[in-house]
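Below are the chains, spelled out letter by letter.
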Amino acid sequence: MNSVQRSILLSAADRYGSLVLFFVTTAVLSRLLSPAEFGVYAVVNAIALIIAASFQEFGGGNYLIQKRDLSAEDVRSAFTITFIISGAIVVLLFVFADSLALLFAQDSLKEAIEVSSLNFLLLPISGTISALLRRDMRFGTVAICNLVSGVAAAAASIALAMAGLSYMAPVWGGLAGSVALALALLSGHRDLSALRPSLLAYRDVVSFGVYSSGVSVINIFYNLAPQLFLARILDFASVGLYSRAINLTQVFDRLVTQVLNPVVMPAIVARRKAGDDLKAVYLEAIQLLSVAQWPFLVFVAFMARPIIEIWLGPTWLEIVPLVRLLCIANMALFAACLSYPVLVAVGSVRDALISSCISLPPSLLVVLGASFFGVQAVAGAALLTLPFQAAVAIYFIGRRLRFGPRDLVGALKRSVVVTAATAFGVAACAMLMEAGVLGPLAGLVLATCAAALCWWLGLLLTGHPLLHQLHQVVADLARIAPRLRLSRSAL
């Protein structure tokens, strides 16, 4: 098993542990908090994420990972710049918390914003150390630290919600998770020299951060803008409904994309250094991503009602049409996790910013207009905006890697067949459920089995490249198993 495959497995253990905590915490909090209460938390979280994106790339993880020759002064300068900006943001948030609460006509936002702002004091520490560990492919240490953080956040959020703290429960829970993450990373890394103040390499940090942070801010603001628009134009209950729909739609991202994200940048940079053809790497990667993402989203779209009823409870059944619209729209983002790393790897971080500036402002206007017509209109707007964004990003990547629409179609055609086969099996189960033959749980179990069988048959029928990857993983695990048994016997 090579270093990239091993890193993916460790990253998967990290993300899937976090995913289990996410499912449990969401199921519990959905029964303790109303849509309006969750909407307040979603708005606070959106504000925090947008602000974090504005400064994290000034010396953040991507800078530290992509730097070819990383010196101690580079690391210290990156940390120092990030810490200075984060401290200034904390002060500004405390000063303007009242104004933000007034903007959304919600006095209770003030306390939530002030508590949430304390996370920014810890982000420079955890971000710097985590990036250094990822650069060194120490994903096992990162996984343990993230698990500790996730458990702390989940336990605090649930306990405080049960104590009646309403929307403040997940806010305090997030702060508890940030404290736990920083302490765990400090314990795992031990070398604190990276946290010494220095500005000797500030020019290099800032020159990268201008473009990188621009890309990050624009994309994150766009992703969270619907929640802010709904809170300002409609109400917090609409925000809560839309946020929960997004959470369910993005389960694939938690299952697959977030597993790959920590590995993609280091892996692509390594392939570039080795002289590999990035065009072939990219086209192979989108084949593998699309054949996993598309069938999954089709499954969630068909099974939205039983999933929501079992997981979130009947209070949230109103989001079923939102989930279905968002699932269809998100199929356009099959290559989204590759766009930024590939452009950075070929030295075109500027193209990543230009691409975002072209596609996101008009998309934002569409979402803003849809907000006046209700939460379902906002979800429906994604059917226009997400394919447009994907097309712009792929155009810029295709120009750098020298591939065209024919290459893209050739890479995706087998994934289309596999997705159609999966949809056929799930649709049959959905029809049985609509006819009342199957209940929610039985129908969901049968649909899962049918989807897995039809997906596998589609892979065999098309001879999809994913089959080779799966066979290789199984062979690697078979070689590792005897060594693990010998190690245990020696102990």
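Residues numbered from 1 in each chain as written. Predicted model: local features only at pLDDT ≥ 70, side-chain atom pairs only at ≥ 80, totals over all residues. Heavy atoms only, no water.

**Examining the overall build of the chain**
The condition is simple: Helix numbers and strand numbers start at the N terminus; a helix is a DSSP run of H or I with at least 4 residues, a strand a run of E with at least 2. The rule is simple: take the accessible area with a 1.4 Å probe, protein chains only, and divide by the maximum for that residue type; under 20% is buried, over 50% is exposed, in between is partly exposed. Contacts are assigned to residue pairs that have any heavy atoms within 4.5 Å of one another. All accessibility values rest on the Shrake-Rupley procedure with a 1.4 Å probe; residue burial counts only the protein chains present in the view.
Helix and strand content of the chain: 20 helices and 0 strands. Looking at the 491 residues of the chain, the share that counts as buried comes to 53%. Expressed as a percentage of contacts within the chain between residues at least 6 apart in sequence, the contacts between residues at least 24 apart total 83%. About 21700 Å² of surface is accessible on the chain, with carbon and sulfur atoms providing 67% of the total.

**Comments concerning the nonpolar core**
Put simply, the rule reads: For the purposes of this section, nonpolar cores are sets of buried Ala, Val, Leu, Ile, Met, Phe, Trp, Tyr and Cys residues that join through side-chain atoms within 4.5 Å.
Core analysis: the biggest nonpolar cluster contains 80 residues, and Val43, Leu109, Phe299, Met303, Ile308 and Val323 have the highest contact counts within it. Here this core gets 11 residues from one element, more than from any other, and that element is helix α2 (residues 35–56). Setting aside its immediate chain neighbours within four residues, Val43 contacts Phe104, Leu109, Gln227, Leu228, Ala231, Phe236 and Val239. Leu289, Leu343, Val344 and Leu401 belong to the second-largest nonpolar core, a separate cluster that totals 25 residues.

**Side note on the confidence of the model for the chain**
Definition in use: Scored between 0 and 100, pLDDT is the confidence that the predictor attaches to each residue.
Per-residue pLDDT for the chain has a mean of 82; in total, 84% of the residues score no lower than 70. Per-element confidence in the chain is highest for helix α14 (residues 320–330), whose mean pLDDT is 94, and lowest for helix α20 (residues 465–490), whose mean pLDDT is 62.

**Structural notes on a nonpolar patch on the surface**
Using the following cut-off: Note on patches: the residues involved have over 30% relative accessible area and no salt bridge, like charges join within 9 Å, and the nonpolar side chains Val, Leu, Ile, Met, Phe, Trp and Tyr join within 5 Å. A side-chain nitrogen of Lys or Arg and a carboxyl oxygen of Asp or Glu constitute a salt bridge if their distance falls within 4 Å.
Side chains of Val91, Leu92, Val95 and Phe96 sit close together on the surface and give an oily, nonpolar patch of about 370 Å² of accessible area. Take Phe96: its relative accessible area is 43%, and that puts it in the partly exposed class.

**Observations regarding the environment of Thr462**
The cut-off we apply is this: Polar contacts, as used here, are pairs of N or O atoms within 3.5 Å; protein pairs need one atom able to donate a hydrogen and one able to accept it. Residues neighboring in sequence count only if both atoms are side-chain atoms.
The residue Thr462 is located in helix α19 (residues 440–462) in this model. Residues Thr462 and Val417 lie 45 residues apart in sequence; the distance between their C-alpha atoms is 7.5 Å. Dropping the residues within four chain positions of it, Thr462 is found in contact with Arg414, Val417 and Val418. At a separation of 2.8 Å, a polar atom in the side chain of Thr462 contacts the main-chain carbonyl oxygen of Gly458.

**Some remarks on the layout of surface pockets**
Where we set the bar: Think of a 1 Å grid over just the protein atoms. A cavity is a set of points where a 1.4 Å probe fits yet cannot get out, a pocket is an open set with protein on both sides within 12 Å along at least five of seven lines, and lining residues have an atom within 4 Å of a point. Grid points are joined across faces, edges and corners, and a volume is the space filled by probe spheres set on the points. For this scheme, ten residues count as nonpolar: Ala, Val, Leu, Ile, Met, Phe, Trp, Tyr, Cys and Pro. Four count as charged, namely Asp, Glu, Lys and Arg, and the remainder, Gly too, count as polar.
By volume, the second largest pocket is sized at about 480 Å³. Phe296, Phe299, Val300, Thr448 and Ala451 are the residues nearest the centre of the second largest pocket, which is lined by 22 residues in total. Looking at the lining of the second largest pocket, the elements that each hand over two or more residues are α11 (251–273), α12 (278–302), α13 (304–311) and α19. Tallied by class, the residues present in the lining of the second largest pocket amount to 20 nonpolar, 2 polar and no charged.

**Examining the pattern of salt bridges**
As enumerated under the stated definition, the model contains 4 salt bridges in all. The shortest N-O distance in the salt bridge between Asp351 and Arg399 comes to 3.7 Å. With Asp351 in helix α16 (residues 349–371) and Arg399 in helix α17 (residues 375–401), this residue pair connects regions lying 48 residues apart in the sequence. Look at Asp351 and you get buried, because its relative accessible area is 4%. Arg400 serves as the salt-bridge partner of Asp351, at 2.7 Å between the closest nitrogen and oxygen. Remark: Arg400 occurs in helix α17 and Asp351 occurs in helix α16; sequence separation between them is 49 residues.

**Focus on unusual backbone geometry**
Positive phi, close to 55°, is recorded for Ser166, a residue that is not glycine. Here Ser166 shows up in the loop between α7 (139–162) and α8 (168–189). Even without being glycine, Arg402 reaches a positive phi, approximately 65°. Within the element layout of this structure, Arg402 appears in the loop between α17 and α18 (405–434). Using a relative accessible area of 72% as the deciding quantity, one classes Arg402 as exposed.

**Section: the side chain of His464**
Its location among the elements puts His464 in the loop between α19 and α20. For His464, a relative accessible area of 1% corresponds to the buried category. Those residues within four positions of His464 in sequence are excluded, and the remaining contacts are Gln287, Leu288, Val291, Arg414, Ser415 and Leu459.

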